[in-house]
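# Notes for the structure review
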Amino acid sequence: EEKTKVAALISEAEMKLTMQLEKFEEERLKISKEKETAAAERAEAQRKAEEADAARIKAEKDAKMLEIMLSEQKLKQEKWMEEHRMLTEETLEKRIAEEKSKIDVALAEAKAKEEARLAEEQKRLVDAQLEQRLAEMRILEIEADRIRAEKEAERLEQRFSEEKSALSAKLSESERARSDDETRLVEEKTKVAALISEAEMKLTMQLEKFEEERLKISKEKETAAAERAEAQRKAEEADAARIKAEKDAKMLEIMLSEQKLKQEKWMEEQKLLSKETLEKRIAEEKSKIDAVLAEAKAREEARLAEEQKRLVEVQLEQRLAAEKSKLDAEIAAVEEKIRRELELLESRKSVKEEAAKAVEEEAENENEEELDISPPATAPPLEEEELALPDEALGSIEDLPKLSSTTSDVLTADVEALELISMCQADFDSTYSTDVSSSAESCLLPTDYPFVSLLRDSSPYIVNHRHSTIVYHIPGDLISDGEKFNSVMDDIALTWLFGMKIVLCVGCRTQVSQRLNKLEGKPTKLKSGVRITTDTALRVLEEEAGFGRFEVERQLNRCLRSKGANCNVVSGCFITAKKYGVVDGVDYQYTGYPKTLQTDRINRFISRGDVVLLTPLGFTEDGEALNIKSEQLAGFTAGALKASKVVYFSTKPLVMRGSNNSRDANANQRIQMIQRSNALQILSHHGLKIHGKTGFPHWSSPTAAARTPKVQSYLLKMGWATDALDKGVERAHIIACDDGALLEELFTARRGYGTCISQDDYEAPHPEDQNDDLLMDDVGAGVIGW
């Protein structure tokens with residue numbers, strides 16, 4: 001019944017959690033739709049703002065500021081959520097630690113009691129063994145006494161035989177005086193008999209004593225056997241007590257499991273409570289964000305309306321100025337026409353006067369004839385309409401339209417006043433004089449225009465990189481730097497538009513180290529530049545890898561969509577990994593290296609125009625997750641795909657420089673282009689070797705490994721880049737994250753923003769792109785510095 005109730009509670013909790021997740025998903029979709037609507041409205045506002053360049057620029061700046069504010073608000077919200085989650089986890093961990101400490105104390109007490117009882121039984125058994133050993137030693141002593149007694153008897157018999165032989169000798173010598181010495185002989189015999197009887201008595205006593213000792217030993221043996229039986233009985237009792245202790249331990253384990261289930265249930269309830277609180281806080285923050293967005297949108301609309309009004313006023317002023325200048329030109333033309341008409345009128349008057357004089361002269365000469373003289377054809381009579389022309393022209397000014405479009409294709413000027421001029425007319429301006437008499441010429445589109453020259457110089461690189469595969473490594477500290485991250489992703493999107501096939505390897509070392517420092521309260525250490533991944537570190541890595549993948553997808557989609565591109569970002573389980581295990585006496589636990597890569601699937605995705613994204617997580621054949629060094633993953637991926645390039649970004653870039661080279665007058669120059677053989681010499685000089693199969697970095701000495709983090713990171717990237725070149729990659733780049741650094745590195749003849757490593761037989765697409773910076777013996781001469 002209790003199990004049924006627990007199952008019902010669990011199912012009810014799961015249903016509530018599912019409903020909450022569905023509600024959260026609906027809210028997220030609603031927020032995404034609102035974001036899409038806001039993006040559409042922003043696009044519409046941007047389209048309207050494109051009518052005036054100044055207003056558009058200002059609107060874009062304001063939009064960027066709004067986006068920064070939203071991102072900051074989102075970061076604050078995520079930070080708050082993370083702190084609240086960490087606080088909840090810390091509280092749960094404290095409760096768990098307290099319960100665990102109590103259980104450990106109880107187990108320790110039970111274990112101490114059991115150990116004390118076992119020690120007492122062991123002591124008793126040892127005492128019984130000691131008594132048995134003492135009995136055996138007594139038996140050995142008695143046996144030694146018996147042997148000594150037998151030896152003493154043999155010695156006495158030997159002495160008796162010696163004395164007997166001596167007496168027989170004396171008897172043989174003193175045979176003459178036998179009669180005299182008979183009495184003494186009897187005495188001697190009596191003494192000898194006494195001695196023999198005394199020896200026999202002693203022997204009898206020794207035998208009796210030996211028999212007593214033998215009886216005593218047999219009794220002691222019987223006592224030892226009884227004691228042994230008693231010890232065996234006690235051992236059996238101890239086994240029974242041990243079995244009872246094991247049963248008690250099992251009962252304790254059952255109690256602990258029940259306590260754990262109760263604790264898990266309590267944790268689940270706390271989790272649900274925290275989730276509800278978190279959802280309330282999210283709803284409150286969402287309402288606040290919506291209010292801020294509405295207020296910002298209202299301010300933006302008011303500002304756009306004000307800008308539109310100001311723009312209309314500016315356009316009206318511009319049109320009025322244009323109409324004024326046009327009317328001034330027309331007035332000048334009318335005045336010129338009036339002047340010509342007046343001159344024509346004066347000439348006609350003079351012709352008329354001359355004709356009148358001629359008529360008078362003829363009339364005087366020939367009085368009889370009356371001639372009707374008409375004005376000559378070249379001087380027709382002046383009409384009143386012609387004299388009224390200047391007034392009409394002046395009056396027509398008032399009838400002209402007040403506003404006219406200055407960008408219209410309809411000709412409003414006098415066709416007869418138009419003329420053709422050169423494209424290289426000096427100081428050309430359509431609103432000013434069109435005098436072509438100036439000898440100084442300046443074309444409208446000069447051949448040295450910067451964009452044209454840059455595009456022409458970049459064309460060999462664009463053609464060379466089109467349809468090639470390139471692998472980018474995005475470090476975790478770059479994701480934390482919003483401005484540099486945005487510019488780098490914008491440049492990567494531009495390389496995709498140029499036709500390059502892109503694979504991204506995303507790292508999160510900085511974020512994982514920061515999280516572990518907070519959890520453990522001390523800085524995490526790397527061994528030979530490689531992290532020892534524990535259970536906690538693996539859990540943090542999984543969370544931060546998901547966050548890094550989301551950020552890269554978000555920024556890359558934004559950059560591609562803003563350029564009108566239609567591209568998908570694909571991520572998945574493309575890597576099979578294997579553990580490092582124990583290396584040089586150090587167990588790296590859940591840290592491994594890439595073993596295989598699904599190149600067919602990746603090539604299929606990138607061939608159809610998708611971008612493939614890889615995280616520093618690999619999986620064994622048993623499905624176990626492993627931590628993979630992201631720099632090593634980038635080099636391995638580039639080699640497996642036979643990529644044209646692998647590019648490592650660095651937020652704290654280093655570059656090599658030459659020094660103490662007597663053959664070069666400019667020995668301190670920056671060294672940015674080297675060949676693979678040079679890179680191997682540099683790595684050997686600094687004591688670093690990359691394992692060919694596992695890619696593990698081996699340092700020749702502790703001094704070589706104890707370098708600054710910046711130098712160590714640079715050498716490790718150079719090592720894995722060289723390993724990629726060994727697998728068939730043409731070039732490897734270690735560059736800075738500055739704005740436009742990637743484009744200048746790939747599409748210009750400049751040295752770029754970092755270090756370029758190429759194959760020894762690589763042929764550059766541009767003459768200035770050759771590897772001529774480093775001589776083969778410079779490394780051995782000690783000319784490489786930082």
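Structure's up top.
These numbers come from a predicted model, not from an experiment. In this convention, every chain numbers its residues from 1, walking through the sequence in written order. Whole-chain, interface and lining totals are the exception, using all residues; otherwise, since this is a predicted model, local features are given only for residues with pLDDT of at least 70 and side-chain atom pairs are given and counted only at 80 or more. Excluding hydrogens and water, the side-chain values take into account all heavy atoms of the structure.

With that out of the way, let us pick up the overall build of the chain. Looking only at helices and strands, one finds 16 helices and 21 strands in the chain. Relative to its 786 residues, the chain shows a buried fraction of 29%. Contacts in the chain between residues at least 24 apart in sequence constitute 75% of all its contacts with a sequence separation of at least 6. Note that accessible areas follow from Shrake-Rupley with a 1.4 Å probe, and for residues the cover is restricted to the protein chains shown. If you sum the accessible surface of the chain, you get close to 51300 Å²; carbon and sulfur atoms cover 54% of it. Each helix corresponds to a stretch of at least 4 residues labelled H or I by DSSP, and each strand to a stretch of at least 2 residues labelled E; elements are numbered beginning at the N terminus. Between buried and exposed lies partly exposed: a residue is buried under 20% and exposed over 50% of the maximum accessible area for its type, with that area taken using a 1.4 Å probe on protein chains only. Contact definition: two residues touch when any of their heavy atoms are within 4.5 Å.

Our focus in this paragraph is the side chain of Thr 469. In this structure, Thr 469 sits in strand S1 (residues 469–474). A relative accessible area of 12% places Thr 469 in the buried class. Not counting residues within four places of it along the chain, the set of residues in contact with Thr 469 comprises Lys 501, Ile 606, Leu 641, Ala 643, Ser 644 and Lys 645.

Now for the environment of Gln 132. By the secondary structure assignment, Gln 132 is in helix H2 (residues 53–173). Taking the relative accessible area as the measure of exposure, Gln 132 reaches 24% and is therefore partly exposed. Distance in space between the C-alpha atoms of Gln 132 and Arg 228 is 8.3 Å, their sequence separation being 96 residues.

Two rings from Phe, Tyr or Trp (for Trp, the six-membered ring) form a pair when their centres sit within 6.5 Å of each other. Planes less than 30 degrees apart are called stacked, planes more than 60 degrees apart edge-to-face, and all others tilted. Under the criterion given, the structure shown has 7 aromatic pairs. An angle of 80° between the planes, with centres 5.0 Å apart, marks the rings of Tyr 580 and Phe 696 as edge-to-face. Within this pair, whereas Tyr 580 is found in the loop between strand S6 (575–579) and strand S7 (582–583), its partner Phe 696 is found in the loop between strand S17 (688–690) and strand S18 (697–699), the two being separated by 116 residues in sequence. We note that Tyr 580, like Phe 696, is buried. Considering the side-chain rings of Tyr 588 and Phe 696, the 5.3 Å spacing of their centres and the 75° angle between planes classify their relative orientation as edge-to-face. With a gap of 108 residues between them, Tyr 588 in the loop between strand S8 (586–587) and strand S9 (591–597) and Phe 696 in the loop between S17 and S18 connect regions that are remote in the sequence.

The next thing to look at is the pairing of S9. Counting buried residues in S9 gives 5 out of 7 residues, a clear majority hidden from the surface. Paired strands are those between which DSSP finds at least two bridges. Summarising the sheet, S6 and S9 pair through 5 bridges and their orientation is antiparallel. The residue of S9 that forms the bridge with Thr 576 is Thr 596. Strand direction decides the pairing type here: S9 and strand S12 (residues 625–628), joined by 2 bridges, are parallel. Residue pairing for S12: Thr 591 is matched across the bridge by Asn 627.

At a closest axis distance of 9 Å, the pairing of helix H8 (residues 482–497) and helix H10 (residues 535–562) adopts a crossing angle of 60°. For the element pair H8 / H10, the angle class is oblique. Like other packed secondary-structure pairs, H8 and H10 cross with a definite hand, here right-handed. Residues Phe 485, Asn 486, Met 489, Asp 490, Ile 492, Ala 493 and Trp 496 of H8 lie in contact with H10, whose contacting residues are Glu 551, Val 552, Gln 555, Leu 556, Arg 558, Cys 559 and Leu 560. Of the residues contributing to the contact of H8 with H10, the split by class is 9 nonpolar, 2 polar and 3 charged. Only the contacting stretch of a helix is used when fitting its axis, a line to C-alpha atoms as for every element, and angles between N-to-C directions run 0 to 180 degrees. Should an angle fall under 35 degrees it is called roughly parallel, over 145 degrees roughly antiparallel, and 65 to 115 degrees roughly perpendicular, with every other angle called oblique. Note on convention: the crossing is left-handed when the near helix lies turned anticlockwise from the far helix by less than a right angle, right-handed when the turn is clockwise. Side-chain classes are defined by residue name, with Ala, Val, Leu, Ile, Met, Phe, Trp, Tyr, Cys and Pro counting as nonpolar, Asp, Glu, Lys and Arg as charged, and the others, Gly among them, as polar.

Here we take up the nonpolar core. Here the nonpolar core consists of buried residues drawn from Ala, Val, Leu, Ile, Met, Phe, Trp, Tyr and Cys, with membership extended through side-chain atoms lying within 4.5 Å. Ranked by internal contacts, the top residues of the largest apolar core, which has 46 residues, are Phe 574, Val 646 and Met 718. When residues in this core are grouped by element, the largest group, 9 residues, is from helix H15 (residues 709–726). Beyond its immediate sequence surroundings of up to four residues, Phe 574 is in contact with Thr 596, Leu 597, Gln 598, Arg 601, Ile 602, Phe 605, Val 612 and Leu 614. One finds Trp 496, Val 506, Ala 565 and Leu 746 within the second-largest nonpolar core, a separate group that totals 33 residues.

One non-glycine residue, His 467, lies in positive phi territory at about 65°. Structurally, the position occupied by His 467 is in the loop between helix H6 (450–465) and S1. Judged by its relative accessible area of 59%, His 467 falls in the exposed class. The backbone phi angle of Asp 584 is positive, close to 55°, even though this residue is not glycine. By the element assignment, Asp 584 lies in the loop between S7 and S8.

Moving on, we get to the sheet that holds strand S19 (residues 731–736). Read from one edge to the other, the open sheet built from 8 strands follows the order S5-S10-S2-S1-S13-S19-S20-S16, with strand pairing classed as mixed. Only two strands of the sheet have a single partner each, and these edge strands are strand S5 (569–571) and strand S16 (673–675). Neighbouring strand axes in the sheet, compared pairwise and without regard to direction, differ in orientation by 20° on average. Bridging between S19 and strand S20 (residues 754–758) involves 5 bridges; their strand directions are antiparallel. Each bridged residue has a counterpart across the sheet, and for Ile 735 the counterpart in S20 is Gly 754. Running at roughly 160° to S5, H10 makes contact with strand S2 (501–506), S5 and strand S10 (611–614) of the sheet.

Turning our attention to the environment of Lys 693. Examined against the element boundaries, Lys 693 turns out to sit in the loop between S17 and S18. Lys 693 sits in the exposed class, given a relative accessible area of 64%. Residues Lys 693 and Pro 594 lie 99 residues apart in sequence; the distance between their C-alpha atoms is 9.6 Å.

The next point concerns the pattern of salt bridges. Any two side chains of opposite charge can pair if their charged atoms end up close together. The working definition used for a salt bridge is a side-chain nitrogen of Lys or Arg within 4 Å of a carboxyl oxygen of Asp or Glu. For the structure on display, the rule yields 17 salt bridges. The residue Glu 543 makes a salt bridge to Arg 539 at a minimum N-O spacing of 3.4 Å. One end of the pair is Glu 543 and the other is Arg 539, both in helix H10 and 4 residues apart, which spans about a single turn. Exposure remark for Arg 539: the relative accessible area of 51% places this residue in the exposed category. Salt-bridge contacts for Asp 610 lead to Arg 608; the nearest nitrogen and oxygen are separated by 2.7 Å.

Moving on: helix H11 (residues 599–607). Of the positions making up H11, those classed as buried are Ile 602, Phe 605 and Ile 606. Down the axis of H11, the buried side of the element spans an arc of 90°, and every buried residue falls inside it. The exposed residues of H11 that point more than 90 degrees off its buried face are Asp 600 and Ser 607. Considering only its buried residues, H11 is in contact with S1, S2, S5, S9, S10 and helix H12 (630–641). Trailing H11 by a residue or two, Gly 609 shows a phi angle of about 100°, which is positive. Relevant arc is that of directions from the helix axis to the C-beta atoms, nothing else.

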